[in-house]
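Chain residues, written in single-letter form:
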Amino acid sequence: AAAAISGNADVTLLCRTVEQQQALAATRINQRNLPGIVLPDTLAFSTDPDTLRHASVVLFVMPSQAQREAAQSLQAYLSEHQSIVTCAKGIEKSTGALLTTVLEKELPGHQISVLSGPGFAADIARGLPTAMVVASPDMAEAEHIARLVSGPTFRLYPSTDRIGVQLGGALKNVLAIACGIVEGAGLGDSARAALIARGLAEMSRFAEAFGGNPETLMGLSGLGDLVLTATSHQSRNLRFGIETGRTGRAVLPAGELVEGAHAAAIAARLSAEKAIEMPVTNAVASIIEGRINVKSAISGLMSRPITTE
Ligand SMILES: NC(=O)C1=CN([C@@H]2O[C@H](COP(=O)(O)OP(=O)(O)OC[C@H]3O[C@@H](n4cnc5c(N)ncnc54)[C@H](OP(=O)(O)O)[C@@H]3O)[C@@H](O)[C@H]2O)C=CC1
Ligand SMILES: O=C(CO)COP(=O)(O)O
């Protein structure tokens, strides 16, 4: 996203090591994450957190479980007039908290927004077009960020539903794993479509129970991202599901982030606490934790009591 945004604003990527910063500045290629994609000259790289002081918008793009630690270490370099935006798609495992809540706690005095929706980093970095949502408690703030960050290939829609937007991003990963399991187990495209539709119903129920607007889940950070990750082999969550369905064993790939594997466990726990029906999410969590196998998960889902849609 930094590459796309750098076409219309000054963007600096804050690196954690000098080696990484120097390699990026010299080659303009992120060999580990985006091999073969030459990043634009407009993008700057730094290891100096003081760079943050000059930013009007700061995007937190590290994985969900690293957002709190990153906020703690960067807090001293941020000032109150800045817009802080979390771009991760997950829920904090240890607390069950949404990431905007985590950042609000660690960065008091800041208004925290969330950016989410359908978009693979590689597509966006290549300049392929997509649209996402940015949600803030205050519409004026969401519109401000949307105007600053949007460009010819990256379009942001402002929203005030931080809960719905975040839960759409976090829960669609779990359903992408479910769709991968269906694909890996050879259960066919009809089963995938049924899972997408029933999964969307689950996501909406969960978001509503936590104070989100179920209509948000019908938009970009919900249906849009669910369709993308449940059908594209670029998705790490889908690929993890395919391997799980193919081998019958859930083994997390080394060195690759699978956000949905964390979110499944958290969403299953939170839905049990609030008595929200989440059969697909529960089945994914149970398969990952080795409590049931794929075959009994499928027969469990198919033999649930008949209800209306
Ligand atoms: N990749 C994608 O297509 C998309 C990803 N997302 C979401 O963005 C989030 C990150 O995903 P992605 O970029 O793919 O993941 P990566 O595993 O590639 O991690 C992103 C970066 O986070 C940094 N990082 C890891 N731990 C920490 C930490 N403790 N403190 C500071 N920085 C840290 C890493 O730094 P280093 O390089 O130094 O290790 C890495 O550069 C996820 O929640 C994902 O769902 C959203 C949309 C699209
Ligand atoms: O969120 C994403 C695309 O919108 C990226 O999905 P994966 O994490 O499954 O690769």
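Procedures and definitions
Residues numbered from 1 in each chain as written. Chains lettered and ligands numbered in written order. Predicted model: local features only at pLDDT ≥ 70, side-chain atom pairs only at ≥ 80, totals over all residues. Axes fitted to C-alpha atoms, helices over the stretch in contact; angles between N-to-C directions. Helix = DSSP H or I, 4+ residues; strand = E, 2+ residues; numbered from the N terminus. Parallel < 35°, antiparallel > 145°, perpendicular 65-115°, else oblique. Left-handed = near helix turned anticlockwise from the far one by under 90°. Contact = placed C-beta atoms within 7 Å. Nonpolar A, V, L, I, M, F, W, Y, C, P; charged D, E, K, R; others polar. Expected span 1.5 Å × (residues − 1). Buried ≥ 20, exposed ≤ 12 C-beta atoms within 10 Å, placed from the backbone. Pairing = 2+ DSSP bridges. Right-handed = clockwise from strand over helix to strand, strands pointing away. UniProt positions renumbered as here; feature names shortened; annotations may be inferred.

(A) Region of the structure containing the packing of helix H12 (residues 279–288) against helix H13 (residues 294–302). Two elements in contact, H12 and H13, have axes whose closest approach is 10 Å; the angle formed by their N-to-C orientations is 165°. If you check the angle between H12 and H13, you find them roughly antiparallel. Seen along the crossing, H12 lies across H13 with a hand that is right-handed. Residues Pro279, Val280, Ala283, Ser286 and Ile287 of H12 lie in contact with H13, whose contacting residues are Val294, Ala297, Gly300 and Leu301. Residue classes in the contact of H12 with H13 are distributed as 7 nonpolar, 2 polar and no charged.

(B) Here's a closer look at helix H9 (residues 220–231). Here H9 is 12 residues long and its end C-alpha atoms lie 15 Å apart, about the 16 Å a rise of 1.5 Å per residue gives. In terms of burial, H9 is a largely internal element, 10 of the 12 residues being buried. Every buried residue of H9 is accounted for by Leu220, Ser221, Gly222, Leu223, Gly224, Asp225, Leu226, Leu228, Thr229 and Ala230. In this structure, the buried side of H9 is in contact with strand E5 (112–116), strand E6 (130–135), strand E7 (154–159), helix H7 (162–184), helix H8 (189–209) and helix H10 (236–247).

(C) Structural context of the pairing of E6. As paired elements, E5 and E6 share 3 bridges and run antiparallel to each other. The residue bridging Leu115 from the neighbouring strand is Val134, located in E6. By the bridge criterion, 6 bridges tie E6 to E7 in an arrangement that is parallel. Across the sheet, residue Ala135 finds its bridge partner in E7, namely Ser159. Chirality of the crossover, the property in question, places the unit of E6, helix H6 (residues 139–149) and E7 among those that are right-handed.

(D) Quick look at the sheet that holds E6. Within the open sheet, the 5 strands sit side by side as E3-E4-E5-E6-E7. Their pairing is mixed. The strands lining the two open edges of the sheet, one partner per strand, are strand E3 (57–60) and E7. This sheet shows a mean twist of 30° between the axes of neighbouring strands, independent of strand direction.

(E) Focus on the UniProt feature "active site" (unreviewed entry) in the chain. Using the residue numbers shown here, the UniProt feature "active site" (unreviewed entry) corresponds to Lys172. Here Lys172 is to be found in helix H7. Sequence-distant contacts of Lys172, defined by excluding residues within four places in its chain, comprise Met203, Gly222, Asp225, Leu226 and Thr229.

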